[in-house]
Amino acid sequence: MEQKILRFLNETYQENFKNIKSVTNEMFRCITDDGDYFARVTNYKSFEEQLEEINYTNFLFQEGLGVSPGILSSNNKFVEKVSLQNKEVLIALYKAAPGIHLPRKQWNATVLKELGRQIGKLHRLSKQFEEIYSPKYIKDWHENEEYAFLKYIPKEEYTIRAIAEEVLTTIKELPKNDSNFGLLHGDLWLENILVDDGLKMTMIDFQDCEKHFYLYDLAVPIYSALEYSFVGGGNIVDYEENITKAILDGYHEENELAQEMLEHLPLFIKLKEVFEYSLMHMYWDIGNLTEDQIRLMNHFRMRIERKHSLLSNKTNFNGGLIWK
């Protein structure tokens, strides 16, 4: 399949691709003499959704945000259709972003404050994009299949299903307005951020962009840092407070979220946690789990059932409580 994709790219784009390497089932690194590109090959979302996504990210790029721009084909299209293995898929090509995935121990308060600032800029520009273009194909968050928790979490796990339903219902009923809800990235865990030597950041993989409460784009990196980046050498409660404060301080240099919205941060952390647990059931072969998958699933199950929160209810910033 890789050779067929390579042939299609060279027939359809002006860049001279020398080689192609699979990164994931959907993403391929495309190598040229002048630098690398990434081709996304998927039918995960419709043609209209993917085109609207690229229009969104190209707008962000033109406004100076660190994102990867989409590349036009020779047919003057940002999204191309091709038949692979007897099914039609969509191909979108992006210029490779600068920077690296930071080692876990380098996600300190300084870096996370800059990440918060970039997310604030993202949301401020997203509001401008929506005012100009009124996107209509990118869905509200709860319309996406990944949030169909009760479809994938087994019926016998009644405690987790009850928690999942309560989280979904509570967030759906939160008041929405232009200052707290709109177009966002949707999956800003730390692996979707590249950082160069000058601390310049590039956000990648907007495939899960959606309309959601802006707070979710802050909850995801906080969740990600707490879940994956604490490497010891201190108190994890202090680490939690420091990174949360850093991200929110940075965010408020570019954009504002009301205090009453910030008080829901633990709820959105819980949404992300249940989301990850549901994805395990959605994508893993439950009848043939590896030992690591069993361990991870049990870890999530116990934490959710015991209603353990990754965030302390005393976490604060700027001298005040984030929530009560």
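How each quantity is defined
Residues numbered from 1 in each chain as written. Predicted model: local features only at pLDDT ≥ 70, side-chain atom pairs only at ≥ 80, totals over all residues. Heavy atoms only, no water. Buried < 20%, exposed > 50% of the residue type's maximum accessible area, 1.4 Å probe, protein only. Helix = DSSP H or I, 4+ residues; strand = E, 2+ residues; numbered from the N terminus. Pairing = 2+ DSSP bridges. Expected span 1.5 Å × (residues − 1). Contact = heavy atoms within 4.5 Å. Polar contact = N/O pair within 3.5 Å; in protein donor to acceptor, adjacent residues only side chain to side chain. Axes fitted to C-alpha atoms, helices over the stretch in contact; angles between N-to-C directions. Parallel < 35°, antiparallel > 145°, perpendicular 65-115°, else oblique. Left-handed = near helix turned anticlockwise from the far one by under 90°. Nonpolar A, V, L, I, M, F, W, Y, C, P; charged D, E, K, R; others polar. Lys, Arg positive; Asp, Glu negative; His and termini not counted. Salt bridge = Lys/Arg side-chain N within 4 Å of Asp/Glu carboxyl O. pLDDT = per-residue confidence, 0-100. Phe/Tyr/Trp six-rings, centres within 6.5 Å; stacked < 30°, edge-to-face > 60°.

Engineer: Which parts of the structure should I look at to understand the pairing of strand S3 (residues 35–42)?
Structural biologist: Across a regular strand the side chains alternate sides, sitting on one face of the sheet and then on the other. Buried residues dominate S3, accounting for six of its eight residues. Of the strand pairs in this sheet, strand S2 (residues 27–32) and S3 are connected by six bridges, and their pairing is antiparallel. Each residue of the ladder has a partner; that of Ile31, found in S3, is Asp36. Connecting the antiparallel pair S2 and S3 is a turn made up of two residues. Alignment of S3 against strand S5 (residues 87–95), held across six bridges, turns out to be antiparallel. In the sheet register, Tyr37 faces S5, and the bridge partner there is Lys95.

Engineer: Even after reading the chapter, I still don't get helix H10 (residues 291–305), so can you show me in this structure?
Structural biologist: Note that an α-helix has 3.6 residues per turn; residues three or four places apart therefore point the same way. In a regular helix each residue adds 1.5 Å, so 15 residues correspond to 21 Å; H10 covers 21 Å between its end C-alpha atoms and thus fits that length. Next to the buried residues of H10 lie helix H5 (158–172), helix H6 (215–229) and helix H9 (265–283). Following H10 by one or two positions, Lys307 has its phi on the positive side, about 55 degrees.

Engineer: Can you help me understand the environment of Lys151 in this one?
Structural biologist: Along the chain, Lys151 falls in helix H4 (residues 149–152). Residue Lys151 is classed as exposed on the basis of its relative accessible area of 56%. In this structure the side chain of Lys151 is engaged in a polar contact, spanning 2.7 Å, whose partner is the side chain of Glu145.

Engineer: Help me understand the packing of helix H2 (residues 47–62) against helix H3 (residues 109–133) in this model?
Structural biologist: Two packed helices can be described by the angle between their axes and the distance between those axes. Packing of H2 against H3 brings their axes to within 10 Å, and their N-to-C directions diverge by 125 degrees. Classified by the angle their axes make, H2 and H3 are oblique. Our pair here, H2 against H3, has a crossing hand that is right-handed. Contact residues: Glu52, Asn55, Tyr56, Phe59 and Leu60 in H2; Leu122, Leu125, Ser126, Gln128, Phe129, Ile132 and Tyr133 in H3. Residues that form the contact of H2 with H3 fall into these classes: eight nonpolar, three polar and one charged.

Engineer: Just to check I follow, could you spell out the side chain of Glu52 for this structure?
Structural biologist: Residue position: Glu52 is located in helix H2. The buried charged residue Glu52 lacks any salt bridge, with Lys211 as its nearest oppositely charged partner at 5.9 Å.

Engineer: Help me understand the sheet that holds S3 in this model?
Structural biologist: Think of a sheet as strands paired side by side through backbone hydrogen bonds, with each pair either parallel or antiparallel. Strand order in the open sheet formed by five strands is S1-S2-S3-S5-S4, with antiparallel pairing between adjacent strands. Two strands close off the open sheet at either side, each with one partner strand: strand S1 (19–22) and strand S4 (80–84). The average undirected angle you get between the axes of adjacent strands in this sheet is 35 degrees. As paired strands, S4 and S5 are joined by five bridges and run antiparallel to one another. Bridged to Val82 within S5 is Val89. Against the sheet, H2 touches S3, S4 and S5, its axis set at about 5 degrees to S5.

Engineer: Please clarify how the confidence of the model for the protein should be interpreted in this entry.
Structural biologist: Predicted coordinates in regions of low pLDDT should not be interpreted in detail. Looking at the protein as a whole, the pLDDT averages 92, with 95% of positions reaching at least 70. Taken together, the stretch residues 317–324 has pLDDT below 50 and engages in 31 contacts with residues farther than four places along the chain or on a different chain.

Engineer: Could you clarify how one ought to interpret the packing of aromatic side chains in this entry?
Structural biologist: Ring pairs (aromatic) are described by centroid distance and by the angle formed between their planes. Applying the stated rule across the entire model yields eleven aromatic pairs. Relative to Tyr37, the ring of Phe17 has its centre 5.8 Å away and its plane inclined at 85 degrees; by these criteria the two rings are edge-to-face. With Phe17 in the loop between helix H1 (2–12) and S1 and Tyr37 in strand S3, this pair connects stretches of sequence that are 20 residues apart. The class of Tyr37 is buried, set by a relative accessible area of 9%.

Engineer: What is the right way to look at the pattern of salt bridges in this model?
Structural biologist: When the charged atoms of two side chains with opposite charge come close together, those side chains can pair. In this structure the tally under the stated criterion is 16 salt bridges. Close ionic contact of Asp36 with Arg29 constitutes a salt bridge, the shortest N to O distance being 2.9 Å. Overall, Asp36 belongs to the partly exposed group, its relative accessible area being 24%. We classify Arg29 as partly exposed; its relative accessible area is 31%. Two residues, Arg117 and Glu254, come together in a salt bridge whose shortest N-O distance is 3.0 Å. Taken together, the residues span a long stretch of sequence, with Arg117 in helix H3 and Glu254 in the loop between helix H7 (236–251) and helix H8 (259–262) at a distance of 137 residues. Taking the relative accessible area as the measure of exposure, Arg117 reaches 24% and is therefore partly exposed.

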